[in-house]
Amino acid sequence: MTEINFLHGAADPLAHACRLLMKAYLRGAKVAVTASSSERLAQLDVMLWTFDPLAFVPHARLRQGAAAAERLAPTPVWLLDRAADAPHHEVLVNLGPEVPAGFESFERLFEIVGSDDDERCAGRQRWRYFESRGYEIRPHEVRG
């Protein structure tokens with residue numbers, strides 16, 4: 001069963017995602033990231049290049065319906081429109097308000113929940129969804 005982790009209270013969910021992805025990359029994890037829109041993924045893409053001048057998180061963008069190029073197969077972080085398109089199923093990070101379709105095929109799911117009212121409300125709805133289906137949820141308060 002997928003391990004569910006809720007990271008709640010993030011002042012800037014995209015910045016927190018960058019730090020989480022850096023940590024995952026340094027630990028050798030393979031991560032897929034989904035969001036509510038292509039624009040949000042594009043913002044994350046830019047932030048991954050700029051959030052720390054001394055850091056590098058190898059990542060690639062895979063749009064819905066596109067196939068990953070063979071040469072990109074070793075890429076550890078994928079930014080995806082749909083979780084189902086992920087080339088690997090180790091860790092999924094969700095930056096969107098909905099439960100990502102296909103999350104159950106991943107070993108771990110990280111839900112990053114911002115501190116504004118809309119994000120907290122959507123986070124609570126996702127929490128209830130997972131809880132009602134018997135998933136054990138691990139909450140983590142984000143500072144900053």
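Located above this text is the structure these notes cover.
Residues numbered from 1 in each chain as written. Predicted model: local features only at pLDDT ≥ 70, side-chain atom pairs only at ≥ 80, totals over all residues. Heavy atoms only, no water.

### Some points on the sheet that holds strand S4 (residues 77-80)
Taken in spatial order, the seven strands line up as S3-S4-S2-S5-S6-S1-S7 in an open sheet, and their pairing is parallel. Each edge of the open sheet carries a strand with a single partner, namely strand S3 (59-62) and strand S7 (137-141). For this sheet, the mean angle separating the axes of adjacent strands, direction not counted, is 20°. One ladder, built from four bridges, connects strand S2 (residues 31-34) with S4; its direction is parallel. Bridged to Val31 within S4 is Val77. (Pairing = 2+ DSSP bridges. Helix = DSSP H or I, 4+ residues; strand = E, 2+ residues; numbered from the N terminus. Axes fitted to C-alpha atoms, helices over the stretch in contact; angles between N-to-C directions.)

### A short note on the nonpolar core
A general tendency of soluble globular proteins is for nonpolar side chains to be buried together. In this structure, Leu21, Val31, Val33, Leu44, Val93, Leu95 and Ile112 are the most contacted members of the largest nonpolar core, which totals 26 residues. Of all the secondary structure elements, the ones that give two or more residues to this core are strand S1 (3-10), helix H1 (13-26), S2, helix H2 (38-50), S4, strand S5 (91-94) and strand S6 (108-114). With seven residues, H1 is the single largest residue contributor to this core. The residues contacting Ile112, other than those within four sequence positions of it, are Leu7, Ala10, Pro13, His16, Ala17, Leu20, Val93, Asn94, Leu95 and Arg126. Counting residues in each nonpolar core, the second largest holds 17 residues, with Ala60, Ala83, Ala86 and Phe106 among its members. (Core = buried A, V, L, I, M, F, W, Y, C linked by side-chain atoms within 4.5 Å. Buried < 20%, exposed > 50% of the residue type's maximum accessible area, 1.4 Å probe, protein only. Contact = heavy atoms within 4.5 Å.)

### Describing the pairing of S1
Sheet analysis places S1 next to S6, joined by seven bridges and oriented parallel. Residue pairing across strands places Ile4 opposite Leu109, the latter belonging to S6. Strand direction decides the pairing type here: S1 and S7, joined by five bridges, are parallel. The residue bridging Leu7 from the neighbouring strand is His140, located in S7.

### Quick word on the packing of aromatic side chains
Counted according to the given criterion, the structure contains eight aromatic pairs. Counting every residue linked through ring pairs, the aromatic cluster contains Phe6, Phe103, Trp127, Tyr129, Phe130 and Tyr135. (Phe/Tyr/Trp six-rings, centres within 6.5 Å; stacked < 30°, edge-to-face > 60°.)

### Focus: the packing of H1 against H2
Look at H1 against H2: their axes get within 10 Å of each other, and the N-to-C directions meet at 55°. By the angle class used here, H1 and H2 are oblique. Note that H1 runs across H2; the crossing there is right-handed. Mapping the contact onto sequence places Pro13, Leu14, Ala15, Ala17, Cys18 and Leu21 in H1 and Arg40, Gln43, Leu44, Met47 and Leu48 in H2. (Parallel < 35°, antiparallel > 145°, perpendicular 65-115°, else oblique. Left-handed = near helix turned anticlockwise from the far one by under 90°.)

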